[in-house]
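# Observations on chain architecture
Listed here are the chains, written in short residue letters.
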Amino acid sequence: MQSFLITGGAGFIGSNFIIYMLKNNQNIMIINVDKLTYAGNLDNLKEINNNSNYKFINADICNEKAITKVFNEYEIDYVINFAAESHVDKSIANPKLFVKTNVLGTINLLNIAKKFWQIEAGFKKNKKFIQISTDEVYGSLGDTGYFTEKTPLDPHSPYSASKASADLIVKSYFETYKMPINITRCSNNYGPYQYPEKLIPLIINNCLKQKPLPIYGDGLNVRDWLYVLDHCKAIGMVIKDGNIGEIYNVGGHNEKTNLQLVKTIIKYLNKNFDPTITEELIEYVEDRKGHDRRYAIDSTKIKTELGWKPQTSFEKGIIKTINWYLQNINWLEKISTS
Ligand SMILES: NC(=O)c1ccc[n+]([C@@H]2O[C@H](COP(=O)([O-])OP(=O)(O)OC[C@H]3O[C@@H](n4cnc5c(N)ncnc54)[C@H](O)[C@@H]3O)[C@@H](O)[C@H]2O)c1
């Protein structure tokens, strides 16, 4: 039986990933280590809570003693590090917290995994550390071009700088110790269980409450949207077949301006939920400091090397997502008032 230490598994992508893994694999053990910050929510995992192949541990990835205890109790084969402070606006207000969790937390996990996995001849077989990173480490694009894995790192926010720092540390453990690692850099995810500080659930939530829909600057910043389950599949493939030491970009090839995205949500809700939800709710607000203009990912490497491709078109994924939030208004209500 393979054991996976998933950090940040009570957050948006981590919880989707745990459910995905347990649905698609019989013979695995998942240990979810999460500090349960404001972004962590065990309700996301209700459907697998009683699964005997799943265990939750409330701990901070920065805590050496707690993480060592996990490695002592379980023979961990894979670490998938989702745990992070993940909201750019919060990083502008409190950068130090981002360095602590995203950089120091990552090196703590690396050191403990290395201690348990290293043997005289190198590393034990079938062990791997996977760092879940972001396309934001590459900075911002103009109107054309794509980020490849070779694009130089040029992060602009304290959030993306902390993620880029963590990536460099993870890579250095491969270069220095030959520790088995992979890094994945994905574009903006969307889907169920996303905390409503992020654009899509924020807009849905505000529409439902007839609250203003804040749009930064001119609303023309472009993001490449990736349905969270497509991302989970990509991570599964990297775990299994990713070449040691390699970085894989994962993108949805769904470039939309923020304004296009918001209008799509309004249109759907207006037609299918409440005709009083209209574009009049849109409110342009002062632009985010250092706001990156465009992100777009070239996923050629993961497609050609591992055979991954996104299966959910934006048109289908966004409807699935809006409907999920409509069917889970209680979840949205509870999380946005807690
Ligand atoms: N959401 C996206 O669109 C996106 C895009 C690119 C990359 N990423 C990366 O994917 C990962 C997951 O993102 P997400 O959107 O699910 O984030 P999230 O904010 O929804 O969840 C983060 C989780 O980490 C936990 N956590 C925070 N600090 C911790 C600590 N010190 N110890 C243990 N747990 C801690 C939180 O409680 C929460 O459950 C992050 O590393 C993020 O940088 C996300």
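All of the points below concern the structure found in this document. (Residues numbered from 1 in each chain as written. Predicted model: local features only at pLDDT ≥ 70, side-chain atom pairs only at ≥ 80, totals over all residues.)

## What to know about the overall build of the protein
From N to C terminus, the protein includes 11 helices and 14 strands. At 20 Å, the protein has a C-alpha radius of gyration in line with the 20 Å of a compact globule built from 338 residues. Considering only C-alpha atoms, the protein reaches an extent of 65 × 45 × 40 Å along its principal axes. Burial analysis of the protein (338 residues in total) assigns 44% to the buried set. Considering only contacts within the protein whose residues lie at least 6 apart along the sequence, 82% involve residues at least 24 apart. (Helix = DSSP H or I, 4+ residues; strand = E, 2+ residues; numbered from the N terminus. Rg over C-alpha atoms; globule rule 2.2 N^0.38 Å. Buried ≥ 20, exposed ≤ 12 C-beta atoms within 10 Å, placed from the backbone. Contact = placed C-beta atoms within 7 Å.)

## Some details on the pairing of strand β10 (residues 213-216)
Residues Leu213 and Ile215 point to one face of β10 and are all buried, whereas Pro214 and Tyr216, pointing to the other face, are not buried. As defined by bridge partners, β10 adjoins strand β14 (residues 282-285) across four bridges and the pair is classed as parallel. Pairing of isoleucine 215 across the sheet is with tyrosine 284, part of β14. (Pairing = 2+ DSSP bridges.)

## Quick word on the site of the ligand
Around the ligand there are 30 residues in total, and Gly8, Gly11, Gly40, Ala84 and Thr134 lie nearest to it. Elements with a contribution of two residues or more to the shell around the ligand: α1 (12-24), α4 (95-117), β7 (128-134) and β9 (188-190). Per-element accounting of the shell around the ligand gives the leading share, three residues, to α1. In the shell around the ligand, the residues fall into 13 nonpolar, 12 polar and five charged. (Near = placed C-beta within 6 Å. Nonpolar A, V, L, I, M, F, W, Y, C, P; charged D, E, K, R; others polar.)

## Here we look at the sheet that holds β9
If you walk across this open sheet you meet the three strands as β9-β11-β13, and the pairing is mixed. Because the sheet does not close on itself, it has two edges, and the strands there are β9 and β13 (255-257). Sheet twist, expressed as the average angle between the axes of neighbouring strands with direction ignored, equals 50°. Taken together, the three bridges between β9 and strand β11 (residues 222-227) define a ladder with parallel strand orientation. When the bridges of β11 are listed, asparagine 188 appears paired with tryptophan 225. Sitting on the sheet, helix α7 (residues 228-241) touches β9 and β11, and the angle it makes with β11 is about 70°. (Axes fitted to C-alpha atoms, helices over the stretch in contact; angles between N-to-C directions.)

## Quick word on the packing of helix α2 (residues 64-73) against α4
At their nearest, the axes of α2 and α4 sit 10 Å apart, and the two run at 35° to each other. Handedness of the α2/α4 crossing: right-handed. Touching Glu64, Ile67, Thr68 and Phe71 of α2 are Asn108, Leu109, Ile112 and Phe116, all from α4. (Left-handed = near helix turned anticlockwise from the far one by under 90°.)

## Here we look at the packing of α1 against α7
At a closest axis distance of 9 Å, the pairing of α1 and α7 adopts a crossing angle of 65°. As α1 packs across α7, the resulting crossing turns out to be right-handed. Contacts between α1 and α7 involve Ile13, Asn16, Phe17 and Tyr20 from the former and Val228, Leu229, His231, Cys232 and Ile235 from the latter. When grouped by side-chain class, the residues that make up the contact of α1 with α7 number seven nonpolar, two polar and no charged.

## Things to note about the nonpolar core
Judged by nonpolar contacts, the single largest core of 82 residues is most densely connected at Ile6, Val79, Ile80 and Ile265. Contact partners of isoleucine 80, with chain neighbours within four places excluded, come to Phe4, Ile6, Ile130, Ile132 and Ile235. (Core = buried A, V, L, I, M, F, W, Y, C linked by C-beta atoms within 7 Å.)

## Re the sheet that holds strand β1 (residues 2-7)
Taken together, seven strands build an open sheet; the order of strands is β3-β2-β1-β4-β7-β8-β12 and the sheet is parallel. Among the strands making up the open sheet, the edge pair consists of β3 (54-58) and β12 (247-250). Between one strand and the next, the sheet's axes are offset by a mean angle of 20°, whatever the strand orientation. Running over the sheet, α7 touches β4 (78-81), β7, β8 (181-186) and β12 and is turned about 160° from β8.

## Considering the environment of isoleucine 322
Its place among the elements puts isoleucine 322 in helix α10 (residues 314-327). Setting aside anything within four residues of it in sequence, one finds isoleucine 322 in contact with Ile204, Ile265, Tyr268 and Leu269.

## Points about the pairing of β11
With five of six residues buried, β11 lies mostly within the body of the structure. With three bridges joining them, β11 and β13 adopt antiparallel strand pairing. When the bridges of β13 are listed, aspartate 224 appears paired with glutamate 255.

## Overview of the environment of valine 262
Inspection of the secondary structure assignment puts valine 262 in helix α8 (residues 258-272). Valine 262 sits in the buried class, given 24 other C-beta atoms within 10 Å. Along the sequence, valine 262 and cysteine 207 sit 55 residues apart, while their C-alpha atoms lie 10.0 Å from each other. Not counting residues within four places of it along the chain, the set of residues in contact with valine 262 comprises Ile203, Leu213, Ile215 and Ile282.

## Brief notes about unusual backbone geometry
Residues other than glycine seldom take positive phi values, yet lysine 178 does so here, at roughly 60°. Along the chain, lysine 178 turns up in the loop between α5 (158-177) and β8. Classification of lysine 178 as partly exposed rests on a count of 13 C-beta atoms within 10 Å. Backbone geometry places histidine 253, a non-glycine residue, at a positive phi of 55°. Along the polypeptide, histidine 253 turns up in the loop between β12 and β13. Judged by C-beta crowding, with 17 C-beta atoms within 10 Å, histidine 253 ranks as partly exposed.

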